[in-house]
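Chains, contacts and geometry: an overview
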Amino acid sequence: MTTAIAPTIEAARRVAAVLSAGGVALIPTDTVYGLAADPENAAAVDRIFEIKGRPESQPIAVLVSPDFPLDQVAEEVPAALSRIGGPIWAGGRLTIVLRRRPGHLDAVAAGAPTVGLRSPDHSFTQQVIASFGRPIAATSANISGQPSPAAFDEVDPAIVTAVDLAVDGGRCPISAHSSVVDFSVSPPRVLRAGAISPDELSASLGVNFS
């Protein structure tokens, strides 16, 4: 059985090494515990689907640093997102869906022309991204259809056993899913209500949602 380690800087480096080697790690984020992998490694992403029992038709989100250039992976970045920042973007409460550049992040897209991006505020998750040197794939660490774990002791033991490295960071600070907004369409569409309300998003970005 995988033995969990504490969320230290050295642990972040160990997670990054696991991802670089094509492995899967269990890590805390702002909202829920996540299964993390290299988003460009199809075999590693496939392991996430297998561990969760998740349908391969469902895309996996990608976690990025707050200053990550969105146009690096997105075909077009809407003008409204030029105003994104502060707690709206870097607070880990929002996942934005953008049309991705062909050939980028194919493994996590599940055949879709879009990709979901989120910038976590969780210090350990940020350390993992910094140590890895690029974005990471992450999805909630639950068996598909079961509740998402907001604390390490809520993670299904089968998942803890299946990963290559597990990090126990206690309870996640937000304990709610991020809100998901599709900016690949106009007007943008709220796909999932979550930790940030559409009214707050609308006021901050100056857009109306369908």
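Read on for a plain summary of the structure. (Residues numbered from 1 in each chain as written. Predicted model: local features only at pLDDT ≥ 70, side-chain atom pairs only at ≥ 80, totals over all residues. Heavy atoms only, no water.)

Section: the pairing of strand β5 (residues 94-99)
Among the six residues in β5, five count as buried, and that is most of the element. In this sheet, strand β9 (residues 179-182) lies alongside β5 in parallel orientation, the contact comprising four bridges. Bridging from a neighbouring strand, Thr 95 pairs with Val 180 of β9. As judged from the five bridges shared by β5 and strand β6 (residues 114-118), these two strands associate in the antiparallel manner. By the bridge assignment for β6, Leu 98 is matched with Val 115. (Buried < 20%, exposed > 50% of the residue type's maximum accessible area, 1.4 Å probe, protein only. Helix = DSSP H or I, 4+ residues; strand = E, 2+ residues; numbered from the N terminus. Pairing = 2+ DSSP bridges.)

Overview of the pattern of salt bridges
Evaluation of the coordinates by the stated rule reveals seven salt bridges. Of the charged contacts in the structure, one is a salt bridge between Asp 182 and Arg 189, with a shortest N-O distance of 3.5 Å. Given a relative accessible area of 7%, Asp 182 falls into the buried group. Using a relative accessible area of 35% as the deciding quantity, one classes Arg 189 as partly exposed. (Salt bridge = Lys/Arg side-chain N within 4 Å of Asp/Glu carboxyl O.)

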